[in-house]
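Here is what each chain is made of, one letter per residue.
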Amino acid sequence: MISLKCCVSIPAVAGALLVGLPYSISLVAQWLYGWPNKPGYQKYIEALKPRRIYCLARAVLEMLKYLQYGKLYFQWKLWYSNDKNNKHYVKGITFGRRGNKLDLYYSPRLELSDESPVPVVVFVYGGAWGSGDRSIYCLLALQMAKELNASVICPDYSIYPKGNVLNMVQDISDSLLWVRQKGHAFSLDQDNIILIGHSAGAHLCALTSLFLASNVEELFIETNKQKDLVTAIKGIIGLSGVYSIMDHYNHEKVRAVEYVSTMHKAMDGVENFDYYSPTSLLKKMKEDQLKRVPPMALFHGTNDIIVPVESSVRFSELLTSLSIRMSLYLIPKMNHTDMVTDLMAPDRHFYHTVYGCIKHEYSKFQTHTD
Ligand SMILES: *[C@@H]1O[C@H](CO)[C@@H](O)[C@H](O)[C@H]1NC(C)=O
Ligand SMILES: *[C@@H]1O[C@H](CO)[C@@H](O)[C@H](O)[C@H]1NC(C)=O
């Protein structure tokens, strides 16, 4: 009697888990981050469709992979707590109209005592326009400063729900204004700025430059100041970037994460996707505005499932068709997170490959003169 009960209950328990687990995971995710809310949708019916449940549970479970980056977390905690490292950075400088803060990292290779100003890299982190924090990138910023002989600043920006994408672009522009207005006190070269961004950060770097090149009123920065800012940007490096919001939204739909994702909320809905897409903006820009667009280098891993490699490929084709200088690097077997985590420490797999290419592009930006 007892053994029979066991035989029945094991498959029953297994079955309940197999069905119950994905349902619970997906329902919690949607309850926390948003239900399907298209007009005509009955949100709970749509939320409970097996395909959505399956894909969403998979996307959530994939996040568990981030646990493997625990070691980096301890490395960066340790680095900050070591007083000897104090001289390499200045933390928590307030900038811009929303009181965001930025951290500044000096290259340990450079002597700052000599008066010549040092080129500046502005690193804009990603996080789907709704997460991220500058302190997570201290190891990356430090290595970048070392590898490029530059000073690196890492600004926070008003991620959703604190701000929408326009506010984020204003914040990035404000960080550039800060370099130009306050940078001399930190030996920064105000006329030599490189923007490097990852994922949503790459989108923001591209969008900010295009807004500045087109002189848009929404930035609330005077015309001549916008011109100075965009001229000071010597180049943009986009790492695993999103450049067409609609393409990315369609990809999110395939992964069934479009409603839990912060993207459409940060863009204030589908009707603004075009306006906030570098691809669509470029097509509308006039000849003289296009001339002001800085050269770009796009990097993308071919194993990226968060932002597919086609994003950079399509953007590169558009840039080329408009005669904007650009380079494209497709890195085999690399995924979305490798692109930043592997820039944090020299013992990581793609460190030398990616920095090799970044340095090459960086020197091209430095030597090119119009
Ligand atoms: C940085 O400086 C070192 C030593 O001065 C030099 O060997 C290296 O080529 C420089 N790197 C770049 C990217 O300019
Ligand atoms: C990314 O790829 C690396 C191998 O290059 C792997 O160890 C890691 O688990 C992957 N990360 C994620 C989040 O998929």
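The model shown is predicted, which means the values in this text are computed figures rather than measured ones.

Draft legend 1. Quick look at the site of ligand 1. Around ligand 1 lies a shell formed by R109, E147 and N149. Separating an oxygen atom of ligand 1 from a side-chain N or O atom of N149 is a distance of 2.3 Å. For ligand 1, the accessible surface in isolation is 360 Å², of which the surrounding protein chains cover 38%.

Draft legend 2. Fine view of the site of ligand 2. Around ligand 2, the neighbouring residues are K65, Q68, Y69, N335, T337, D338 and F350. Between ligand 2 and the protein, one listed contact pairs an oxygen atom with a side-chain N or O atom of N335 at 2.3 Å. Here an oxygen atom of ligand 2 sits 3.0 Å away from a polar atom, N or O, in the side chain of D338. Burial of ligand 2 by the protein chains amounts to 63% of its free accessible area of 370 Å².

Draft legend 3. Region of interest: the domain arrangement of the protein. Each assigned domain of the protein is listed with its residue range as follows: domain 1 (2-64) and domain 2 (85-369). Counting residues at the interface gives 15 residues for domain 1, matched by 10 residues for domain 2. Carbon and sulfur atoms make up 50% of the surface buried where domain 1 meets domain 2, a total of about 980 Å² over both sides. Area buried by domain 1 at its contact with domain 2 is led by Y33, R52 and L56, which between them contribute 39% of it. The interface formed by domain 1 and domain 2 includes one salt bridge. As a salt-bridge pair, E258 and R52 come within 3.2 Å of each other at their nearest N and O atoms. Scanning the region where domain 1 abuts domain 2 turns up one residue pair in polar contact (both at pLDDT 80 or more). At the level of elements, helix 1 (2-33) and helix 3 (50-62) are the ones that each hand at least two residues to the side of domain 1 that touches domain 2. Among the elements that take part in the side of domain 1 that touches domain 2, helix 3 stands out by supplying six residues, more than any other. Residue composition of the side of domain 1 that touches domain 2, grouped by class: eight nonpolar, three polar and four charged.

Basis of the calculations
Residues numbered from 1 in each chain as written. Chains lettered and ligands numbered in written order. Predicted model: local features only at pLDDT ≥ 70, side-chain atom pairs only at ≥ 80, totals over all residues. Heavy atoms only, no water. Near = heavy atom within 4 Å. Polar contact = N/O pair within 3.5 Å; in protein donor to acceptor, adjacent residues only side chain to side chain. Areas by Shrake-Rupley, 256 points an atom, 1.4 Å probe, with all protein chains shown as cover. Domains from an automatic or database assignment. Contact = heavy atoms within 4.5 Å. Buried area = accessible area lost by both parts, 1.4 Å probe. Salt bridge = Lys/Arg side-chain N within 4 Å of Asp/Glu carboxyl O. Helix = DSSP H or I, 4+ residues; strand = E, 2+ residues; numbered from the N terminus. Nonpolar A, V, L, I, M, F, W, Y, C, P; charged D, E, K, R; others polar.

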